[in-house]
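# Fold and geometry: a report
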2 protein chains.
Amino acid sequence: MLSSPATDLDQVDQLNGLYGTAHRLCSTPGSQVCLVLSLEREIDLFELEQLCDAVGWSRRPLRRVRKALQHSLLVVGLWRHDPRLPRLVGFARCTGDGVIEATVWDVAVHPLYQGAGLGKQLMVFVLDQLRAMQVERVSLFADPGVVSFYGNQGWELEPQNRRCAFWYSP
Amino acid sequence: MLSSPATDLDQVDQLNGLYGTAHRLCSTPGSQVCLVLSLEREIDLFELEQLCDAVGWSRRPLRRVRKALQHSLLVVGLWRHDPRLPRLVGFARCTGDGVIEATVWDVAVHPLYQGAGLGKQLMVFVLDQLRAMQVERVSLFADPGVVSFYGNQGWELEPQNRRCAFWYSP
């Protein structure tokens, strides 16, 4: 059944209300599920913790996570649309000065939703936001398993033989 | 000639006035020059540009540099003390959320002041500030020429075989 223009507008209003006007629908061919990228929909910290559990990340105190999100340059949620209760199925955030440097952290897609190109759409969305800010350069630290994922999307791996270094608080 | 305690106090007041109470004097054995690390003394953008020229970095529009500094987590100047006109001879800054992640950028010491351990003292000062914030992890991208500099100071190079990736704005 084709939806009428009025119904389409109703749906746009509903999506804007749930995810903010800067939301983007993901392309999910052959799927009945509607997945939405949003900058504005507030992330529930318990739901984020469940997502991090699902991808195997270690837990952090929620009050520290809250503060880290508050001080991030960009926080993106990938939501499985439901008019009553959208579910968080993906996430990424950036720190940075918003002008010269931005750094991407904590890119996650729930295992049940992996393999459908959502990680790539999430990263395109992140880079589109940073491009709109006119950030010069975006950086990230890629685990061995995702080096080709980023390489295939135009990221330069270790340009000028740069190496990454970490210092961990004692 | 030994200075009297009163004179010492005068000097502390002077240094606090110029560099803020959180300043730190650098150790420069055998040198008559007094060098001071400061979080609080405002960086003159033209002076910063001269420092960047001296270390061979490409120039950026000053309005973008100003905004980047305003949105940095931490900005540190290394000053050659002069009661009338302190000169900027070193610099470093960090971006980050101030809780989980911080990233160090733009570490520079003027060539005339290199080789005296000032870069190391600058980095110790930066890490002390980040430790006081209770940041979990600090990261940076090391050019080939400074990989051993960071390795010798306890930075872990490419832990878990992570690789750095950059995306440059078109």
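Since the model is a prediction, treat every value here as computed from it, not as a measurement. (Residues numbered from 1 in each chain as written. Chains lettered and ligands numbered in written order. Predicted model: local features only at pLDDT ≥ 70, side-chain atom pairs only at ≥ 80, totals over all residues. Heavy atoms only, no water.)

### Concerning the interface of chain A and chain B
Size of an interface: often given as the accessible area lost when the parts come together. The partner chain B presents 46 residues to the 46 residues of chain A that form the contact. Counting the surface lost from both chain A and chain B, the interface buries some 5100 Å², and carbon and sulfur atoms represent 56% of this. Ranking the residues of chain A by area buried against chain B places A:R64, A:R163 and A:W167 at the top, with a combined share of 16%. At the boundary of chain A with chain B, the tally comes to 10 salt bridges. Note that A:R162 and B:D143 form a salt bridge whose closest N and O atoms lie 3.1 Å from each other. (Contact = heavy atoms within 4.5 Å. Buried area = accessible area lost by both parts, 1.4 Å probe. Salt bridge = Lys/Arg side-chain N within 4 Å of Asp/Glu carboxyl O.)

### Observations regarding the relation of the copies chain A and chain B
Put simply, the two copies of the chain differ by a rotation about an axis and a shift along that axis. With an RMSD of 0.0 Å, the fit of chain A onto chain B corresponds to turning through 180 degrees and sliding 0.0 Å along the axis. These values place the two chain copies in the arrangement generated by a two-fold rotation axis. Mapped onto chain B, 100% of the interface residues of chain A are again interface residues, and the two copies thus contact each other with one and the same surface. (Least-squares fit on C-alpha atoms with pLDDT ≥ 70 in both.)

### A few points about the side chain of B:R137
As for its position among the elements, B:R137 is in strand β6 (residues 137-142). For B:R137, a relative accessible area of 15% translates into the label buried. Every residue in contact with B:R137, bar those within four places of it in the chain, is listed here: A:W105, A:F166, A:W167, A:Y168, B:I100, B:E101, B:A102 and B:R162. (Helix = DSSP H or I, 4+ residues; strand = E, 2+ residues; numbered from the N terminus. Buried < 20%, exposed > 50% of the residue type's maximum accessible area, 1.4 Å probe, protein only.)

### Side note on the environment of B:E49
Residues and elements named next belong to chain B. Within the secondary structure, E49 sits in helix α2 (residues 45-54). Taking the C-alpha atoms as reference points, E49 and L62, separated by 13 residues in sequence, lie 8.3 Å from one another. Apart from residues lying up to four places away in sequence, E49 is in contact with R59, R60 and L62.

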